[in-house]
Amino acid sequence: MLRKTGGMRYRILLILALLISLSACEINRLRQAEELHNNRRYASAIQELDRFILTAQNGALITRAELLRSSSYLELAKMAIQRQNWPLAIRFLKISNSPESDQELALIYRTLAIEAEANRDLETSSYYLNMILREIPESILVPEVLYRKLVRYFTVNLDNPATWSTYKRLYDAYPDNPYEIQARNYASRLIPAMIDYARTLSNTGYHTDALALLFEIDKYPVVDHTVIQRIISDVYQAQAEELLVAENYLGADQMFRIALQYNPDKRAEINARLSSITQLFIERGDRYLAERDFENALIHYNKTFEIIPGYEPAVRAIERLNQVRINIARAQEVVREAENLEAGRRYSDALRLYQQAFQLEAKPEYRQKIQIMQNLIEAERNPEGFAQRIINEYRGGSLNNKLRQQKANLLTRYRPSEIRDTGWKILLSTGQYKYEARYDILTPQETFFYVWQVNLRDRTILPLNRISEELMQ
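In this text, all values refer to a predicted model and were calculated from it rather than measured experimentally.

S.K.: Explain the sheet that holds strand β2 (residues 434–442) residue by residue, including any values.
M.R.: Read from one edge to the other, the open sheet built from 4 strands follows the order β1-β2-β3-β4, with strand pairing classed as antiparallel. Of all the strands in the sheet, the pair left with one neighbour each is β1 (420–428) and β4 (460–463). Between one strand axis and the next, the sheet turns by 20 degrees as a mean value, whatever way the strands run. Note: β1 against β2, 7 bridges, orientation antiparallel. Across the sheet, residue lysine 425 finds its bridge partner in β2, namely arginine 438. Sitting on the sheet, helix α20 (residues 383–393) is in contact with β1, β2, β3 (447–455) and β4, with an inclination near 125 degrees to β1. Here helix α21 (residues 398–411) sits on the sheet in contact with β1, β2, β3 and β4, set at roughly 15 degrees to β2.

Structure (structure tokens):
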């Protein structure tokens, strides 16, 4: 066992010795590359560093080598810059790929952009400006680039939307930067047209779009914020007036109050306008009350108190609403009693209770119940006579009139002695409170048998054959 342990220690020490030897070798190779770099032999340094990075095992040394190679490419790029060899400088800087090389690359792009602009090659100039924004978005030159693009949009392209969009980007990322402050001179010239457009949107009913535009421009230091706030107030007020026309008084009230927040100078005007809609709240509440929508009715009545505390018409309206609720509940109780009396065929007593319920709440079904009870009372007293009266009163006596007209037509073809008229016959029919009403006209060649079923309960008449149906038309 002791012999095995000793052998293991020996192997470990041997491995450590080898590693130390390799590390020392790699350090020496890296120092040689550093000496080349320090002696300004950058190309040779890069060759050595490339070979080192491919074969080295020590991660920390590889990182140092990569940084040194980046520095070597940067120095080569600076030499190319001195000779104004821009393509070569750009190539070296991109390979260098460091924060310092990025800033140098941005400077080259700016130089090339300015030269192209001086030569009136705006397309190329824009290309290099965009390269800064795309490849080096953290460059300190970005505010200047955005400013140059903004000026070109405004003065050359006459593209106001692009000008405004670029200014927003400049301000949002670099507020109070010297270039942003210079850009305000151009951005502020766009504001009058944008305000006019917002007003046009509002005047044509696009209030939400108008407000979105006004809120956007109000975020930037190129407007008179007091003026914008007043215009926003105008838009909310216009929206309130439209809601009034649409009888949306709750919405109108909300819009008026928001308008007042943005322009307190309108307090007297808006308060007067709010006061004028208190009666409109009452009227709308009354409509909801008529529809038995008590919740919305109460909301509208109570809304007036926010405008005029203790508004007397609203107080009376709420009292009326509460009484209606009481009457409805009482009417339902009375109807249940009446239905029990009706089931016991006590129609006169049921009629009295249905009439009482109708006085409490004028529901159509209560009125219909009253009519049915009156019909049933008549049917109990004299069913045949009641059936005859229903026939006689149908559409103002139209059935009797048409029967007389039918007999008059027959007299043009037959002698009076040849026409026999049976008159009305009222007979009991199948079903409770239902009777048949018959009327026959006989001639030597033609017979007319008319028959209807009369429902005494609801005073309806149903034809039982085709000629009876035709007579009713």
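S.K.: How would you sum up the nonpolar core? Please name residues and give values.
M.R.: By size, the foremost hydrophobic cluster in this structure holds 71 residues, and its most contacted members are Tyr109, Trp164, Tyr167, Ile191, Ile217 and Val222. Each residue touching tyrosine 109, except ones within four places of it in the same chain, is listed here: Ile90, Lys94, Tyr128, Met131, Ile132, Glu135 and Ile136. Ranked by size, the runner-up nonpolar core spans 44 residues in total, among them Leu341, Leu353, Tyr366 and Tyr433.

S.K.: Describe the environment of glutamate 138, and please don't skip the residues or the numbers.
M.R.: By the secondary structure assignment, glutamate 138 is in the loop between α6 (122–135) and α7 (142–157). Along the primary structure glutamate 138 and proline 178 are separated by 40 residues, whereas in three dimensions their C-alpha atoms are 17 Å apart.

S.K.: Please provide a residue-by-residue account of the confidence of the model for the protein chain, values included.
M.R.: Summarising the model, the protein chain shows a mean pLDDT of 89, and 93% of its residues fall at 70 or more. Throughout residues 13–22 the model reports pLDDT below 50, and contacts reaching past four residues in sequence, or to other chains, amount to 0 contacts.

Criteria and thresholds
Residues numbered from 1 in each chain as written. Predicted model: local features only at pLDDT ≥ 70, side-chain atom pairs only at ≥ 80, totals over all residues. Heavy atoms only, no water. Pairing = 2+ DSSP bridges. Helix = DSSP H or I, 4+ residues; strand = E, 2+ residues; numbered from the N terminus. Axes fitted to C-alpha atoms, helices over the stretch in contact; angles between N-to-C directions. Contact = heavy atoms within 4.5 Å. Core = buried A, V, L, I, M, F, W, Y, C linked by side-chain atoms within 4.5 Å. Buried < 20%, exposed > 50% of the residue type's maximum accessible area, 1.4 Å probe, protein only. pLDDT = per-residue confidence, 0-100.

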